[in-house]
Amino acid sequence: MQIKAKINGISGNFILDTGASNTCVGFECIERFELSAKNSKTKASGAGGTGMTTQISSQNKLQLGSWKSKDFSIVIFDLSHVNEALESFKAKAVHGIIGADVLLEGKAIIDYFNHYLYLK
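Definitions and cut-offs
- By convention here, each chain's residues receive numbers from 1 onward along its written sequence.
- Confidence filtering applies because this is a predicted model: local features only for residues at pLDDT of at least 70, side-chain atom pairs given and counted only at 80 or more, and all residues used for totals across whole chains, interfaces and linings.
- Excluding hydrogens and water, the side-chain figures rest on all heavy atoms present in the structure.
- Buried means the residue's accessible area, taken with a 1.4 Å probe over protein chains only, is under 20% of the maximum for its type, while exposed means over 50%, and partly exposed covers the values in between.
- Each helix corresponds to a stretch of at least 4 residues labelled H or I by DSSP, and each strand to a stretch of at least 2 residues labelled E; elements are numbered beginning at the N terminus.
- Two strands pair under a simple rule: DSSP has to find at least two bridges between them.
- Contacts are assigned to residue pairs that have any heavy atoms within 4.5 Å of one another.
- Between N or O atoms, a polar contact is any pair within 3.5 Å; within protein, one atom must be a potential hydrogen donor and the other a potential acceptor, and residues adjacent in sequence are included only when both atoms are from side chains.
- What counts as a ring pair is set by centres within 6.5 Å for rings of Phe, Tyr and Trp (its six-membered ring), and what kind of pair is set by the plane angle: stacked under 30 degrees, edge-to-face over 60, tilted for all other angles.

Colleague: What exactly am I supposed to notice about the pairing of strand 2 (residues 10–16) here?
Modeller: Where a strand is regular, its side chains alternate between the two sheet faces. For strand 2, a buried count of five out of seven residues is recorded, marking the element as mostly surrounded by other parts of the structure. Both strand 1 (residues 2–7) and strand 2 contribute to a ladder of six bridges, which runs antiparallel. Residue Ile3 lies in a different strand from strand 2, and its bridge partner there is Phe14.

Put into structure tokens, the structure is as follows:
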């Protein structure tokens, strides 16, 4: 499911991924979302591979609809494999992934049938 979100007041398109531990954006979005990126020892793993280099950005503002978090950490890594897969299915490219960290913090309820995400 693709959703809109704002990072530091700037809108972007995201995939909601219940299997992703963390919310992520691509390296190419560091400037777009005004992120302060720092190197991370954590390696990312996912459908595109394992052992991918990451960076982290702390103290960001994240907003989905009326839900807001004012001190949110975002993982930054290479999302090109995700967007290549989306484009092969004629779907729009995304700026990032909304992960389980948002779902837990927002006490999420997902209505798959109606394509709604509810956050407290």
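Picking up where we left off.
Colleague: Help me understand the environment of Leu64 in this model?
Modeller: Mapped onto the secondary structure, Leu64 falls in strand 5 (residues 49–64). Each C-alpha atom of the pair Leu64 and Val102 lies 9.5 Å from the other, and the pair is 38 residues apart in sequence. Beyond its immediate chain neighbours, meaning those up to four positions away, Leu64 contacts Ile3, Lys4, Ala5, Ile98, Val102, Leu117 and Leu119.

Colleague: Please explain the side chain of Thr23 as it appears in this structure.
Modeller: Here Thr23 shows up in the loop between strand 2 and strand 3 (24–26). Separated by 3.2 Å, the side chain of Thr23 and the backbone nitrogen of Gly99 make a polar contact. Engagement of the side chain of Thr23 in a polar contact is seen with the side chain of Asp101, the distance being 2.7 Å. Aside from chain neighbours lying at most four places away, what touches Thr23 is Phe72, Ile74, Val75, Ile97, Ile98, Gly99, Asp101 and Val102.

Colleague: Can you walk me through the packing of aromatic side chains in this structure?
Modeller: If you walk through the whole model with that rule in mind, you get two aromatic pairs. For the pair Tyr116 and Tyr118, a centre-to-centre distance of 5.8 Å together with 50° between the ring planes defines the contact as tilted. The exposure class assigned to Tyr116 is partly exposed, which follows from its relative accessible area of 47%. The exposure class assigned to Tyr118 is partly exposed, which follows from its relative accessible area of 40%.

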